[in-house]
Amino acid sequence: MPKLVDHEERRTQIAEALIRVAARRGLHAVGMRDVAAEAGVSLRLVQYYFQTKEKLLFYGLQHLTALFTARVSARLRPADQDPDPRTTVEALLLASLPADEESRAFHLLYTSYAILSVTDGALAAQPFIDNPDAAESALTHLLRQAQEAGLADRDADARTEAISLLAMAAGLGTSILVGQRKPESAVAVLRHHLDRIFTGTGDLPPHT
């Protein structure tokens, strides 16, 4: 009896091969033939699942985003079942820093996707991610939760702080990639700014 093929598993296998090759050579230099060789499958099979390089790249971005979500969840797992807003914010930010090979690939490729979409018309025609403001909105929501609980400065603009934290994490990540600073230094900078934002102790009276 022929073995049933799990098509989603096959797509994942190909996407992970794309990520490995792109992390070594750069996203711009990766072709479908390279990905096929890395995945140990035929070029025809890669073309069967993705038809074009642009479709493969977009699926790879979706898979990269899923891996990031899993990294954040892994950071939160040791915490309480309902982690406080700062713990969650810190997990989101630190998971994006290139502190190991997996997170290095994530930061490098996510940045590469953004740059490539500027000059690649076919890739630019796809939504860059399902919701480009998802991370910003998530952080804003967490910061507002902290403000309502008296755990953060109520006078701060939550969305502005969220934008600043994400931009800072992205810049610090790049500085790690190019060897400007160590991951430990970047973590210290992020935590310094989180200490500035999360100033409360909770259960404070309403702000007037």
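The numbering scheme is per chain: residues are counted from 1 as the chain's sequence reads. Given that the model is predicted, a residue must reach a pLDDT of at least 70 before its local features are reported, and side-chain atom pairs must reach 80 or more before they are shown or counted; all residues, however, enter totals for whole chains, interfaces and linings. With hydrogens and water stripped out, all remaining heavy atoms of the structure feed into the side-chain values.

### Structural notes on the confidence of the model for the chain
Okay, step 1: On average, residues of the chain carry a pLDDT of 85, and 87% of them reach 70 or more.
Okay, step 2: The predictor reports its confidence for every residue as pLDDT, a score running from 0 up to 100. Whether two residues are in contact is decided by their heavy atoms, any of which lying within 4.5 Å being enough. Counted against residues more than four places away or in other chains, residues 203-208, with its pLDDT under 50, gives eight contacts.

### Structural notes on the packing of aromatic side chains
Okay, step 1: Stacked, edge-to-face and tilted are the three classes for Phe, Tyr and Trp ring pairs, Trp counted by its six-membered ring, which pair at centre distances within 6.5 Å; planes under 30 degrees apart are stacked, over 60 edge-to-face, the rest tilted. According to the stated counting rule, one finds four aromatic pairs in the structure shown.
Okay, step 2: Ring centres 5.3 Å apart and planes at 55° place the aromatic pair Phe50 and Tyr59 in the tilted group. The pair Phe50 / Tyr59 is uniform in exposure class, with both members buried.
Okay, step 3: Taken together, the aromatic side chains of Phe68, Phe106 and Tyr110 make up a single cluster linked through ring pairs. Partly exposed describes any residue whose relative accessible area lies between the buried limit of under 20% and the exposed limit of over 50%, with all areas from a 1.4 Å probe on protein chains only and scaled to the type maximum.

### Brief notes about the pattern of salt bridges
Okay, step 1: A pair is scored as a salt bridge if a Lys or Arg side-chain nitrogen falls within 4 Å of a carboxyl oxygen belonging to Asp or Glu. Applying the stated criterion across every chain, the model contains 11 salt bridges.
Okay, step 2: A salt bridge links Arg20 to Glu38; the nearest nitrogen and oxygen atoms lie 2.9 Å apart. In this pair, Arg20 is assigned in helix α1 (residues 7-25) and Glu38 in helix α2 (residues 32-39), connecting sequence segments 18 residues apart.
Okay, step 3: With its nearest N and O atoms 2.9 Å apart, the salt bridge here joins Glu90 to Arg191. With Glu90 in helix α5 (residues 85-95) and Arg191 in helix α10 (residues 183-197), this residue pair connects regions lying 101 residues apart in the sequence.
Okay, step 4: Taking relative accessible area as the criterion, Glu90 reaches 15% and is therefore assigned buried.
Okay, step 5: Given a relative accessible area of 36%, Arg191 falls into the partly exposed group.
Okay, step 6: Counted as one network, the salt bridges with shared partners bring together Arg86, Glu90, Arg191 and Asp195. Only DSSP runs of H or I reaching four residues or more are called helices, and only runs of E reaching two or more are called strands; each is numbered from the N terminus.

### Thoughts on the nonpolar core
Okay, step 1: The definition of a nonpolar core used throughout is a set of buried Ala, Val, Leu, Ile, Met, Phe, Trp, Tyr and Cys residues joined through side-chain atoms within 4.5 Å. Ranked by size, the top nonpolar core spans 33 residues in total, and within it Leu18, Val46, Phe50 and Leu56 carry the most contacts.
Okay, step 2: Every element with two or more residues in this core is listed here: α1, α2, α3 (43-50), α4 (53-76), α5 and α6 (101-119).
Okay, step 3: Leave out the neighbours within four places in its chain, and Leu56 touches Ile14, Leu18, Met32, Val35, Val46 and Phe50.

### A few points about unusual backbone geometry
Okay, step 1: Positive phi values are uncommon outside glycine, yet Gln51 reaches one of about 60°.
Okay, step 2: Positionally, Gln51 belongs in the loop between α3 and α4.
Okay, step 3: By relative accessible area, which is 45% here, Gln51 ends up partly exposed.

### A few points about the packing of α1 against α4
Okay, step 1: Axes here refer to lines fitted to C-alpha atoms; in helices the fit is confined to the stretch in contact. Angles between the N-to-C directions go from 0 to 180 degrees. Across the interface, α1 lies against α4 with an axial gap of 9 Å and an inter-helix angle of 90°. With respect to each other, α1 and α4 are oriented roughly perpendicular. Seen from α1, the contacting residues are Glu8, Arg11, Thr12, Ile14, Ala15, Glu16, Leu18 and Ile19; seen from α4, they are Leu56, Leu57, Tyr59, Gly60, His63, Leu64 and Leu67.
Okay, step 2: Partitioning the contact of α1 with α4 into residue classes produces nine nonpolar, three polar and three charged. In these notes the angle categories are as follows: under 35 degrees is roughly parallel, over 145 is roughly antiparallel, 65 to 115 is roughly perpendicular, and the rest is oblique. Residues were grouped as follows: Ala, Val, Leu, Ile, Met, Phe, Trp, Tyr, Cys and Pro as nonpolar; Asp, Glu, Lys and Arg as charged; and all remaining residues, including Gly, as polar.

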